[in-house]
Amino acid sequence: MKLPSLFRRERTVIKRADAQDQVEKVLAESLRVLGQVCTKVADVIETQRLERAGYAQNTLLRRLDTPEDEQAPKKQ
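The structure presented is a predicted model; accordingly, all values stated were derived computationally and were not measured.

What counts and what doesn't
Residues numbered from 1 in each chain as written. Predicted model: local features only at pLDDT ≥ 70, side-chain atom pairs only at ≥ 80, totals over all residues. Heavy atoms only, no water. Helix = DSSP H or I, 4+ residues; strand = E, 2+ residues; numbered from the N terminus. Buried < 20%, exposed > 50% of the residue type's maximum accessible area, 1.4 Å probe, protein only. Areas by Shrake-Rupley, 256 points an atom, 1.4 Å probe, with all protein chains shown as cover. Patch = residues over 30% accessible without salt bridge, like charges linked within 9 Å, V, L, I, M, F, W, Y side chains within 5 Å. Salt bridge = Lys/Arg side-chain N within 4 Å of Asp/Glu carboxyl O.

1. Section: the overall build of the chain
- Scanning the chain from terminus to terminus reveals 2 helices and 0 strands.
- Counting all 76 residues of the chain, 3% fall into the buried class.
- Accessible surface, the chain as shown: approximately 7700 Å² in total, 57% of it carbon and sulfur.

In structure tokens form, the structure reads like this:
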């Protein structure tokens, strides 16, 4: 009776397919999370770079280190 061994082989094929499916799901999700982490790190680096260049955070690229002559209204 070799009939049970046939079923056993089919189960291993199914188990392998399920295992491969789970690995692919985990891999895809981990790559998505890694992408989000990389995006946030890039945003932090860019924010720090802009702050060092004199731009404020949460503004539309307004310079913070403008000379005093430009800040005061010009008198004519």
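2. Structural notes on a nonpolar patch on the surface
- Judged by side-chain polarity, Val 33, Val 37, Val 41 and Ile 45 come together as a nonpolar surface patch covering roughly 320 Å² of accessible area.
- Note that Ile 45 resides in helix H1 (residues 3–52).
- Its relative accessible area of 51% is what places Ile 45 among the exposed residues.

By themselves these figures say nothing about function.
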